[in-house]
Protein chains: 2
Amino acid sequence: MAVDHPLDPIFNPRGVAVVGVSTRPGPDGRMGGIFLNALLEQGYHHDHGLYAVNPKMTEVRGVTCYPTVLDCPDPVDHVISQIPSEGLPSLVEQCIEKGVKSLHSFTAGLAETGDPDLVAQERAMVARAREAGMRLIGPNCMGLYVPGVGLGFNPRSPMEPGNVFLLSQSGANAGGIIDGLGRRGLRFSKGVSYGNAADLKSHDFLDYALHDPQTDLVVAYIEGPRDGRAFLDALKRLAREKPTIVLKGGITDDGARAANSHTGSLAGSIEIFDAVCRQAGAMRVRTLEDLLDLAVAMTTDMRYLHGNKVTLVGAGGGFAVLSTDQMAMEGLEVPWLPEATQEQLREIIPIAGTSIRNPVDANFGRDHPMDFGSDTGLTRRVFQSIAAAHSTDLILTTVGTRWYPGQDRSDRARGEQLSLTAEELSIISREHEVPMALILREARLEDAGDFVHDHGVASFPSIERAARAAATILEWKRRREGMPDFFTNNN
Amino acid sequence: MAVDHPLDPIFNPRGVAVVGVSTRPGPDGRMGGIFLNALLEQGYHHDHGLYAVNPKMTEVRGVTCYPTVLDCPDPVDHVISQIPSEGLPSLVEQCIEKGVKSLHSFTAGLAETGDPDLVAQERAMVARAREAGMRLIGPNCMGLYVPGVGLGFNPRSPMEPGNVFLLSQSGANAGGIIDGLGRRGLRFSKGVSYGNAADLKSHDFLDYALHDPQTDLVVAYIEGPRDGRAFLDALKRLAREKPTIVLKGGITDDGARAANSHTGSLAGSIEIFDAVCRQAGAMRVRTLEDLLDLAVAMTTDMRYLHGNKVTLVGAGGGFAVLSTDQMAMEGLEVPWLPEATQEQLREIIPIAGTSIRNPVDANFGRDHPMDFGSDTGLTRRVFQSIAAAHSTDLILTTVGTRWYPGQDRSDRARGEQLSLTAEELSIISREHEVPMALILREARLEDAGDFVHDHGVASFPSIERAARAAATILEWKRRREGMPDFFTNNN
């Protein structure tokens, strides 16, 4: 598991101390605070030493509490600090003396305030740590999430490791991405919320992600790279080898001012940032939702998308019309199916009219509710016929996501139906090498994680968001001409 | 309840017959088909005569089944036809003989196919009905939804009436809008899915909505008005008096082709349609989601929005940065709060830094999780201070929508917390005449109907969608200069 990279010890610490654990009960009635709670829930203490530091207590939630870091048993590789910023200089000295490898400061109120004294304090802290060979994460951030070793800052993050690397300058967005992607079935190799980036910066983490064999996809929320040149170089090297999705915060004047307040970032011109992403072969998205959707697409068979021809299979003509509009607005086409395929569909589908051209209307009346589960045979033949035509690059459908009056509508039954749908679609998808994606009504999107994603089928809460994800992938592939193509086929 | 309008009998029929009820069990194991089932579930039979017509049965689901319409007891004002199109001409004759006032044909496969014989058949049917004074709805549509009298086409539509009139050329989109808005707490005066518009057209229904005292807001999905001049005139008269939201299907070349396949509509240029909406003072939206969001905004205090200055109150700096970007991209501003307000917030909020300017960071640590329920007093003072500054036109917040580890996270507890939040916000909102809106994570949006909407607080699944709704309202109000202002204050 060890990666030959200078940052590797940070992601695999042999002992963690939480300094400044809270003596007051939180909203959950428990003392200790968010980090101690998260480490306990994520299971870090099962394989490693976990210590609390606060001179006012001897024990908190079953964890021994020491007066200072120096009193903790060896080794303590990683320290999480919750103390006020005034105490940081002496904590740095103690950590150096203890041989700590990385210090994560949750504490805000340093350089991002713009106060010259606090800027100077942050700089001095970094200089002292570097001189002694200790690295700093933050300040003003949530720090590390490494499900493989039980490190985390949210008790409810997925505990199984995966292949997505998350880099976020914001703790709230890191939490939002882990939660949002986790519910849709994605899992993470590592996550870092790195705040002010006083010492370790985005390019350091991008370089680690490049060398981390557990990482196949990188998603990043960045407000302002501290070192533009180093960022471009690191992004270029990384995005050449691994798909990389970047969300930039502060792309408007008001937003840039907010970013400056938040992490002291100087956001710079979005035109330049966009050019950097394009040159590096990375994908840039404009909203957090787009980041989630694109990560879903890039961890399913939809990443093999290589053309803009879409076939829509859904219930109702009005849905078909609006969906077609959405596709066209994103530069995608909804061309008629070949005449021979239309002929086949006319034979398969009992009530056929104009609805078999594309979009294909799956609303064939109550005697034939096209749906895996209700009529799997008929439904399978419709999708097989469309996929076998090889006239389409992507099949988007709502089939199998609805329920009929009188059907057992328990969560379990719905989940089973969704799972069956995803499984059937994935078999046809892989046989004919045509990616498939499901449109799930918003409230159902949470089911995607349990029932859809593992079958390699992407899912989106609306046609608009599916279309945007598809268009972003295609544009990214066009721009990467001459660069390695990660996804030439889906075998 | 009766409205002095020629279409009123259609929305208040004294008896309904469903012709062509199904003898085969549907996926729910029951015979009769969707319309009979919906009418029974919506309770039409409690106050009115409900009859089934099929010569092969004498009874279906407790409803007497007659061989023909002519055999049903008087009166039968409205007939819903599920029979194949070949049988329609003789059904029309029977309905005329019976004195039926309106015939709704669900059956597709007429003019929208483009087949000259079928086009001629549809035209002949219309001519014959008109000659005899009977009106036709459709063909190729789901027909009427009138919760006040128990008419409907979906068994699960809300049964309580409301003030939103829905017009939709598509049955699937009608269903999607009723379902989507219903879950978010809106209720309907009347709904019509009118398909091919062979006889009754969009302008007829718009004119009815204008005269219907139960209707305060109109939402319409239209593929192609059959008579452009009459449509513009009707839309102008209506939108002058009542807020009207229009979603146009077929605004791209591919989409227009799909619309032509669907309802035989000739979609026409979107530029012209857009100009028509602008001239009429109607709101045009581009997606079904935008229609839902705007309808939510227009049925809450957000309809009083009259300026583009937004204050954001949310957890986390990264969220603040992205939210500010979203606002700016939609032409909204996130200006700093007045110095005096910042001073007040600095006193109220224990841990203050740069986060009190705007966006206001509601993430003040675990000892003060700003949240109605966790610390109602503090949270109330923060919102009161912001609202009292009168420097903001809209307050958008995520406060009160999150849960903390260890809190009781049952649906009921979540609902109560949401309800408390909406109630507290609405009191402050109305005192200071500043609209408030909540951002609810996607899966929670379904709770809005039960807990948020009735307090006059709008809710949206993302900042992006909230920003779009706000921008559309402002643009609409700018264009309406010189027209009646529906919402000058919120008293």
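Analysis parameters
Residues numbered from 1 in each chain as written. Chains lettered and ligands numbered in written order. Predicted model: local features only at pLDDT ≥ 70, side-chain atom pairs only at ≥ 80, totals over all residues. Heavy atoms only, no water. Helix = DSSP H or I, 4+ residues; strand = E, 2+ residues; numbered from the N terminus. Rg over C-alpha atoms; globule rule 2.2 N^0.38 Å. Buried < 20%, exposed > 50% of the residue type's maximum accessible area, 1.4 Å probe, protein only. Contact = heavy atoms within 4.5 Å. Areas by Shrake-Rupley, 256 points an atom, 1.4 Å probe, with all protein chains shown as cover. Lys, Arg positive; Asp, Glu negative; His and termini not counted. Charge placed at Lys NZ, Arg CZ, Asp CG, Glu CD. Polar contact = N/O pair within 3.5 Å; in protein donor to acceptor, adjacent residues only side chain to side chain. Pairing = 2+ DSSP bridges. Axes fitted to C-alpha atoms, helices over the stretch in contact; angles between N-to-C directions. Least-squares fit on C-alpha atoms with pLDDT ≥ 70 in both. Arc of directions from axis to C-beta. Buried area = accessible area lost by both parts, 1.4 Å probe. Salt bridge = Lys/Arg side-chain N within 4 Å of Asp/Glu carboxyl O. Nonpolar A, V, L, I, M, F, W, Y, C, P; charged D, E, K, R; others polar. Right-handed = clockwise from strand over helix to strand, strands pointing away. Parallel < 35°, antiparallel > 145°, perpendicular 65-115°, else oblique. Left-handed = near helix turned anticlockwise from the far one by under 90°. Phe/Tyr/Trp six-rings, centres within 6.5 Å; stacked < 30°, edge-to-face > 60°. Lys NZ or Arg CZ within 6 Å of the ring centre and 35° of its normal. pLDDT = per-residue confidence, 0-100.

### Overview of the overall build of chain A
Looking only at helices and strands, chain A features 17 helices and 18 strands. The globule rule puts the C-alpha radius of gyration for 491 residues at 23 Å, and the 25 Å found for chain A is close to it. By principal-axis analysis of the C-alpha atoms, chain A measures approximately 80 × 50 × 40 Å. Counting over 491 residues, chain A shows a buried share of 62%. For chain A, long-range pairs separated by at least 24 residues make up 73% of all intrachain contacts whose partners lie at least 6 apart in sequence. Carbon and sulfur atoms form 48% of the exposed surface of chain A, whose accessible area is close to 17,600 Å². Distance between charge centres in chain A, computed from 48 positive and 63 negative side chains, equals 1 Å.

### Notes on the side chain of Thr392(A)
Residues and elements named next belong to chain A. Examined against the element boundaries, Thr 392 turns out to sit in the loop between α14 (376–388) and β16 (394–397). Of note is the side chain of Thr 392, whose polar atom sits 3.2 Å from the backbone oxygen of Lys 309. Within polar-contact distance, the side chain of Thr 392 engages the side chain of Thr 311 at 2.9 Å.

### Topic: the sheet that holds strand β12 (residues 244–248) of chain B
All names here are of chain B. Ordered in space as β8-β10-β9-β11-β12-β13, the six strands form an open sheet in which the pairing is mixed. The open sheet has two free edges, formed respectively by β8 (143–145) and β13 (283–285), since each of these has just one partner strand. Averaged over all neighbouring strand pairs, the angle between strand axes comes to 20°, with direction disregarded. Relative to strand β10 (residues 188–193), strand β9 (residues 161–168) is paired through six bridges, and the arrangement is parallel. Counterpart to Pro 161 in the pairing with β10 is Phe 188.

### Points about the relation of the copies chain A and chain B
Expressed as a screw transformation, the operator carrying chain A onto chain B has a rotation angle of 180° and an axial translation of 0.0 Å, and the superposed copies differ by an RMSD of 0.0 Å. Overall, the copies show the geometry of a two-fold rotation axis. Both copies contact each other with a shared surface, as 100% of the interface residues of chain A are interface residues in chain B too.

### A short note on the sheet that holds strand β14 (residues 310–314) of chain A
Residue and element names in this part refer to chain A. Spatial strand order, β15-β14-β16-β17-β18: five strands in an open sheet with parallel pairing. Every other strand in the sheet has two partners, leaving β15 (360–361) and β18 (458–460) as the edge strands with one partner each. Taken together, the three bridges between strand β17 (residues 436–439) and β18 define a ladder with parallel strand orientation. Within β18, the residue paired with Ala 437 across the bridge is Ala 458.

### Re the pairing of β17(A)
As a general feature of sheets, a regular strand has side chains that alternate between the two faces. Residue and element names in this part refer to chain A. Burial of the side chains of β17 extends over both faces: Met 436 and Leu 438 are buried on one face and Ala 437 and Ile 439 on the other. The pairing of β16 with β17 spans three bridges and is parallel. From the neighbouring strand, Leu 396 faces β17, where its bridge partner is Ala 437.

### Regarding helix α4 (residues 88–98) of chain B
Residues and elements named next belong to chain B. Within α4, the full set of buried residues consists of Leu 88, Leu 91, Val 92, Cys 95 and Lys 98. Taken around the axis of α4, the buried residues stretch over an arc of 130°, which confines them to a single face. Against the buried residues of α4 lie β1 (15–19), β5 (78–81), β6 (102–105) and α5 (116–132). The positive-phi residue at the C-terminal boundary of α4 is Gly 99, with phi of around 85°.

### With respect to the interface of chain A and chain B
On the chain B side, the residues contacting the 79 residues of chain A number 80 residues. Interface of chain A and chain B: buried area, both sides summed, is about 5,600 Å²; carbon and sulfur atoms make up 53% of it. Linking chain A to chain B there are two salt bridges. Arg468(B) is the partner of Glu464(A) in a salt bridge, and the nearest nitrogen-oxygen pair spans 3.5 Å. If you list the elements that add at least two residues to the side of chain A that touches chain B, you get α2 (33–42), α6 (171–183), β12 (244–248), α9 (253–263), α11 (288–298), α12 (317–329) and α17 (463–479) of chain A. No other element matches the 11 residues that α12(A) contributes to the side of chain A that touches chain B. The residue makeup of the side of chain A that touches chain B, split by class, is 31 nonpolar, 23 polar and 25 charged.

### Some points on the pairing of β5(B)
Residue and element names in this part refer to chain B. Side chains His 78 and Ile 80 of β5 all project onto a buried face; the interleaved residues Val 79 and Ser 81 project onto the opposite face, where all are buried too. As judged from the four bridges shared by β1 and β5, these two strands associate in the parallel manner. If you follow Ala 17 over to β5, its bridge partner there is Val 79. Note: β5 against β6, four bridges, orientation parallel. Bridging from a neighbouring strand, Ser 81 pairs with Ser 105 of β6. Tracing the backbone out of β5, into α4 and back to the parallel element β6 gives a crossover that is right-handed.

### Focus on the environment of Arg412(B)
Within the secondary structure layout, Arg412(B) lies in helix α15 (residues 411–432). Residues Arg412(B) and Asn260(B) lie 152 residues apart in sequence; the distance between their C-alpha atoms is 47 Å.

### Quick look at the packing of helix α11 (residues 288–298) of chain B against helix α17 (residues 463–479) of chain B
All names here are of chain B. In the contact formed by α11 and α17, the axes pass within 9 Å of each other and the chain directions differ by 70°. Put simply, α11 runs roughly perpendicular to α17. When you trace α11 past α17, the crossing you get is right-handed. Judged by residue contacts, Glu 289, Asp 290, Asp 293, Leu 294, Ala 297 and Met 298 of α11 engage Arg 465, Arg 468, Ala 469, Thr 472, Ile 473 and Trp 476 from α17. A class-by-class count of the residues in the contact of α11 with α17 yields six nonpolar, one polar and five charged.

### Let's talk about unusual backbone geometry
Residues and elements named next belong to chain A. For the bond running from Asn 358 to Pro 359, omega is 0°, close enough to zero to count as cis. In this fold, Pro 359 is placed in the loop between α13 (339–348) and β15. At Arg 61, a position not held by glycine, the phi torsion is positive, near 50°. As for its position among the elements, Arg 61 is in the loop between β3 (59–60) and β4 (63–66). Owing to a relative accessible area of 27%, Arg 61 belongs among the partly exposed residues under this scheme. In this model, Ala 197 sits at a positive phi of 55°, which is unusual for a non-glycine residue.

### Topic: α11(A)
Counted residue by residue, α11(A) has 11 buried out of 11 residues, so it is predominantly covered. Buried within α11(A) are the following residues: Leu288(A), Glu289(A), Asp290(A), Leu291(A), Leu292(A), Asp293(A), Leu294(A), Ala295(A), Val296(A), Ala297(A) and Met298(A).

### Remarks on the environment of Val76(A)
All names here are of chain A. Residue position: Val 76 is located in the loop between β4 and β5 (78–81). Considered as a pair, Val 76 and Arg 257 are 181 residues apart in the sequence and their alpha carbons are 38 Å apart. With near-sequence residues (within four places) excluded, Val 76 lies in contact with Gly 15, Val 16, Ala 17, Tyr 51, Lys 98, Gly 99, Val 100 and Lys 101.

### With respect to the packing of aromatic side chains
Residues and elements named next belong to chain A. Overall, the coordinates contain 18 aromatic pairs over all chains when judged by the stated rule. For the pair Phe 11 and Phe 165, a centre-to-centre distance of 6.2 Å together with 70° between the ring planes defines the contact as edge-to-face. In this pair, Phe 11 sits in helix α1 (residues 8–11) while Phe 165 sits in strand β9 (residues 161–168), placing the two residues 154 residues apart along the sequence. Overall, the relative accessible area of 0% leaves Phe 165 in the buried class. Here the aromatic rings of Tyr 194 and Phe 205 are separated by 5.8 Å at their centres, their planes lie at 50°, and the arrangement is tilted. Here the residue Tyr 194 occupies a position in the loop between β10 (188–193) and α7 (202–211), and Phe 205 occupies one in helix α7, the gap between them amounting to 11 residues. The same class applies to Tyr 194 and to Phe 205, which are both buried. An aromatic cluster of at least three residues, connected via ring pairs, comprises Phe 11, Phe 165 and Tyr 208. Looking at Lys 248, its charged tip hangs above the ring of Phe 273, at a distance of 5.5 Å from the centre.

### Overview of the side chain of Thr244(A)
Residues and elements named next belong to chain A. Here Thr 244 is to be found in strand β12. Here the side chain of Thr 244 touches Lys 242 through a polar contact of 2.9 Å, landing on its backbone oxygen. Those residues in contact with Thr 244 that lie beyond four places of it in its chain are Val 218, Leu 235, Leu 238, Ala 239, Ala 282 and Met 283.

### A closer look at the confidence of the model for chain A
Caution applies to low-pLDDT regions: their predicted coordinates should not be interpreted in detail. Of the residues in chain A, 93% reach a pLDDT of 70 or more, and the chain-wide mean stands at 89. Scored by ipTM, the complex comes to 0.89, with pTM at 0.91.

### Comments concerning the pattern of salt bridges
Opposite charge on two side chains permits pairing when their charged atoms draw close. Applying the stated criterion to the full structure yields 48 salt bridges over all chains. Between Asp207(A) and Arg237(A) there is a salt bridge whose closest N-O contact spans 3.6 Å. One end of the pair, Asp207(A), is in helix α7; the other, Arg237(A), is in helix α8 (residues 228–241), and 30 residues separate them in sequence. The network of salt bridges with shared partners includes Asp290(A), Glu464(A), Arg468(A), Asp290(B), Glu464(B) and Arg468(B).

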